[in-house]
Amino acid sequence: MADSSFDIVSKVDRQEVDNALNQAAKEISQRYDFKGVGASIAWSGERIEIRANAEERAKAVLDIFQSKLVKRGISLKALESGEPQASGKEYKLYSTVKEGISQDDAKKLAKIVRDEGPKGVKAQVQGDELRVTSKSRDSLQEVINLIKGKDLDFAVQFVNYR
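Residues numbered from 1 in each chain as written. Predicted model: local features only at pLDDT ≥ 70, side-chain atom pairs only at ≥ 80, totals over all residues. Heavy atoms only, no water.

Participant: Looking at this structure, how should I read the packing of aromatic side chains?
Facilitator: How two aromatic rings sit relative to each other is set out by the distance from centre to centre and by the angle between their planes. Throughout the structure, instances matching the rule amount to two aromatic pairs. Between the aromatic rings of Phe6 and Phe158, the centroid separation amounts to 5.8 Å while the plane-to-plane angle is 75°, which identifies the pairing as edge-to-face. Taken together, the residues Phe6 in strand β1 (residues 4-9) and Phe158 in strand β9 (residues 157-159) connect sequence positions 152 residues apart. Residue Phe158 is classed as partly exposed on the basis of its relative accessible area, which comes to 25%. By the ring-pair criterion, three or more aromatic residues cluster together here, those being Phe6, Phe158 and Tyr161. The lysine or arginine in question, Arg47, covers the ring of Tyr94, its NZ or CZ lying 3.7 Å from the ring centre. Just above the ring of Phe34 sits the side chain of Arg57; from NZ or CZ to the centre is 5.8 Å. (Phe/Tyr/Trp six-rings, centres within 6.5 Å; stacked < 30°, edge-to-face > 60°. Helix = DSSP H or I, 4+ residues; strand = E, 2+ residues; numbered from the N terminus. Buried < 20%, exposed > 50% of the residue type's maximum accessible area, 1.4 Å probe, protein only. Lys NZ or Arg CZ within 6 Å of the ring centre and 35° of its normal.)

Structure follows, in structure tokens:
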């Protein structure tokens, strides 16, 4: 019998992020407390740009965007935000959406699987994802539960379960 396997990845559905951004922009344009303060949120190349006339307003816009992401099922661990910076009369805050597992994080995950996972489970790094293989599907389920139980500083999904 062939080995069973699955991949551990860190991917974000860009369309869902875009939808969350559009919902946040719509809410900002309609809310009374954001009228006349120049608050906006939009894509700026590969990152998200938040503008407002006060530091607190920029953080409030980010908070709205984060709540929209959570409602759409996107982990906030995938969003990396900086601090608001003064730019003339307004404040700008940039956020990026992280995708892929870095080599260091993949090595950490592989070590967790080796050290704490069931016997006979192998983990190997493949680019920006981690493939976990085993003869037993039950062992793979144990690995999934083990990794879900860990408090990682990046979002993970489990795909290609075979």
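On we go from here.
Participant: Hey, could you run me through the pattern of salt bridges in this one?
Facilitator: Once their charged atoms are close, side chains differing in charge can pair, the charge on each being opposite to the other. Considering all chains together, one arrives at 16 salt bridges under this definition. The salt bridge partner of Lys150 is Glu116, with a shortest N-O separation of 2.7 Å. Taken together, the residues span a long stretch of sequence, with Lys150 in the loop between α4 (137-149) and β9 and Glu116 in helix α3 (residues 103-116) at a distance of 34 residues. Using a relative accessible area of 44% as the deciding quantity, one classes Glu116 as partly exposed. Taken together, the shared-partner salt bridges in this structure form one network comprising Glu27, Arg31, Asp33 and Lys68. (Salt bridge = Lys/Arg side-chain N within 4 Å of Asp/Glu carboxyl O.)

Participant: Would you take a moment to explain the pairing of strand β2 (residues 40-44) for this structure?
Facilitator: Pairing between β2 and strand β3 (residues 47-52): five bridges, direction antiparallel. When the bridges of β3 are listed, Ser40 appears paired with Arg51. Between β2 and β3, which pair antiparallel in sequence order, lie two residues; one of them, Gly45, sits at a positive phi of approximately 75°. (Pairing = 2+ DSSP bridges.)

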